[in-house]
Amino acid sequence: MPHRRTRRPTITLIGAGNLAHALGPALRAAGYGIDAVVARPLASSRKRAAALAKKLRAQAITLQDAGPLSDITWLCHTDDALAETARRLARKPGWQGKIVFHSSGALSSEVLSPLRRAGAHVASLHPMMTFVSGSAPRMRDVPFAVEGDRRAIDAARMIVKDLGAEIFLINRKSKTLYHALGSFSSPLMVATLVTAERVGRAAGLSAGQTRKIMGPILRQTFRNYQQRGAAAAFSGPIKRGDLDTVRRHLRELKRVPGASEVYRALVKSALIDLPSAKRKELIRLLQKS
């Protein structure tokens, strides 16, 4: 007879920010019961928790009242608060055999050590995705990185499987660099795009026009990168070695706040790995200009 799970474990979500608002409904749709949504005592936090709890048919409580209410407790709030939250939760009795996750990309499961000492099985379970208000990604498209205690990892694998997503092991010593990869993939990408908007305004375009103009080239660039890799997706004056064009870029970008520094940093990075017809000449140009 094949083994059958009698029921899915229940879950308490600590935090009611963008991640919890995306994760909670996805977990419920996958058959998981959400017992509680836990908020900080701030009025704004309690309001967000109440709204999410209503959607999930869960109770909304404050951190002061939180404890081992469910089979799994999933911490979904800011990195800086994790250590204190773990210490506070560990003071409550009843953690023996429970499972606790946190979703920090930069911190390892070690930050949950107080709960491990209290008898819980702990792991970091991080979704490599951007979560912003008003836009919930499909969880089946999200890769999850996990490290921690074996029993907690097993539970994480089952949850991610039920979400229809993929999970992979990450070395705890590599978490910070892994998280920096995420920063390059989304927030720093947005920082580059907002720099491009400033360049567009300097060229006489509105922000809306700039986004419309950039849209097709951005989409094609990402398709090329995904399908063919970085070198094949790389194009433009750096690849061709158009020194005069790069020289003009450097001169004109000095008029746009921050743009010259970003341009220089990205050209230097490109010259490490990407093809360029005149690598040495471009390096000298960057040093002189």
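Attention in this report is confined to the structure presented alongside it. (Residues numbered from 1 in each chain as written. Predicted model: local features only at pLDDT ≥ 70, side-chain atom pairs only at ≥ 80, totals over all residues. Heavy atoms only, no water.)

Let us now look at the packing of helix 1 (residues 18-29) against helix 2 (residues 43-56). Put simply, helix 1 and helix 2 touch, their axes get as near as 10 Å, and they point 15° apart. Here helix 2 runs roughly parallel to helix 1, going by the angle between their axes. In this structure, helix 1 crosses over helix 2, and the sense of that crossing is right-handed. Contact residues: helix 1 offers Ala20, His21, Gly24, Pro25 and Arg28, while helix 2 offers Arg48, Leu52, Lys55 and Leu56. Here the residues of the contact of helix 1 with helix 2 are counted per class, giving four nonpolar, two polar and three charged. (Axes fitted to C-alpha atoms, helices over the stretch in contact; angles between N-to-C directions. Helix = DSSP H or I, 4+ residues; strand = E, 2+ residues; numbered from the N terminus. Parallel < 35°, antiparallel > 145°, perpendicular 65-115°, else oblique. Left-handed = near helix turned anticlockwise from the far one by under 90°. Contact = heavy atoms within 4.5 Å. Nonpolar A, V, L, I, M, F, W, Y, C, P; charged D, E, K, R; others polar.)

Tracing the sequence through the fold places His102 in strand 5 (residues 99-102). Residue His102 is classed as buried on the basis of its relative accessible area of 0%. A distance of 2.8 Å separates a polar side-chain atom of His102 from the backbone oxygen of Ser108. In contact with His102, not counting residues within four places along its chain, are Trp74, Leu75, Leu82, Leu107, Ser108, Ser109, Val111, Leu112, Ala123, Ser124, Leu125 and Lys175. (Buried < 20%, exposed > 50% of the residue type's maximum accessible area, 1.4 Å probe, protein only. Polar contact = N/O pair within 3.5 Å; in protein donor to acceptor, adjacent residues only side chain to side chain.)

Attention shifts here to helix 3 (residues 79-90). If you check helix 3, its first and last C-alpha atoms are 17 Å apart, about what twelve residues at 1.5 Å a residue would give, namely 16 Å. Every buried residue of helix 3 is listed here: Leu82, Thr85, Ala86, Leu89 and Ala90. Projected down its long axis, helix 3 shows its buried positions confined to an angular sector of 120°, all on one face. In this fold, the buried residues of helix 3 make contact with strand 1 (11-14), strand 4 (72-75), strand 5 and helix 4 (113-117). (Expected span 1.5 Å × (residues − 1). Arc of directions from axis to C-beta.)

You will see that Arg57, though not glycine, has its phi angle at about 55°, which is positive. Summarising the element assignment, Arg57 is placed in the loop between helix 2 and strand 3 (59-62).

Here we come to the layout of surface pockets. Rolled over the atoms, a probe sized like a water molecule indicates the empty space that remains. Computed from the structure, the largest pocket encloses a volume of approximately 2,200 Å³. Of all the secondary structure elements, the ones that give two or more residues to the lining of the largest pocket are helix 6 (175-185), helix 7 (187-202), helix 8 (207-228), helix 9 (230-233), helix 10 (237-240), helix 11 (243-253) and helix 12 (259-273). Residue composition of the lining of the largest pocket, by class: 27 nonpolar, eleven polar and one charged. Roughly 930 Å³ of internal volume is contained in the second largest pocket. Along the wall of the second largest pocket there are 35 residues; nearest its centre are Leu19, Ser103, His126, Met129 and Phe131. For the lining of the second largest pocket, the secondary-structure elements that each account for two or more residues are helix 1, strand 2 (34-39), helix 2, strand 6 (121-127), helix 6 and helix 7. Top element by residues in the lining of the second largest pocket is helix 6. It accounts for four residues. In terms of residue class, the lining of the second largest pocket is built from 15 nonpolar, 16 polar and four charged. (1 Å grid on protein atoms, 1.4 Å probe; cavity = no way out; pocket = protein on both sides within 12 Å on 5 of 7 lines; lining within 4 Å. Points joined across faces, edges and corners; volume = space filled by probe spheres on them.)

What follows concerns the environment of Ser276. Along the chain, Ser276 falls in the loop between helix 12 and helix 13 (279-288). Here Ser276 falls in the buried class, since its relative accessible area comes to 18%. C-alpha of Ser276 to C-alpha of Leu169: the two residues are 107 residues apart in sequence and 36 Å apart in space. Those residues in contact with Ser276 that lie beyond four places of it in its chain are Ile238, Lys239, Leu271 and Leu282. At a separation of 2.9 Å, a polar atom in the side chain of Ser276 contacts the main-chain carbonyl oxygen of Ile238.

At their nearest, the axes of helix 7 and helix 12 sit 10 Å apart, and the two run at 130° to each other. The orientation of helix 7 relative to helix 12 falls into the category oblique. In this structure, the crossing between helix 7 and helix 12 has a hand that is left-handed. Between helix 7, through Thr192, Thr195, Arg198 and Val199, and helix 12, the contact on the second element is made entirely by Ala259, Val262 and Leu266. Classifying every residue of the contact of helix 7 with helix 12 by side-chain character gives four nonpolar, two polar and one charged.

So, on to the pattern of salt bridges. Pairing of side chains with opposite charge becomes possible as their charged atoms draw close. Per the counting criterion, the structure on display carries 13 salt bridges. Ionic pairing is found between Glu84 and Arg87, a salt bridge with its closest N-O pair at 3.1 Å. In this pair, Glu84 and Arg87 are both assigned in helix 3, three residues apart and thus about one turn of the helix distant. Measuring nitrogen to oxygen at the nearest pair gives 3.7 Å for the salt bridge that ties Arg251 to Glu252. By relative accessible area, which is 38% here, Glu252 ends up partly exposed. (Salt bridge = Lys/Arg side-chain N within 4 Å of Asp/Glu carboxyl O.)

Tracing the sequence through the fold places Ser45 in helix 2. Not counting the four nearest positions on each side in its chain, Ser45 is found in contact with Ala39 and Arg40.

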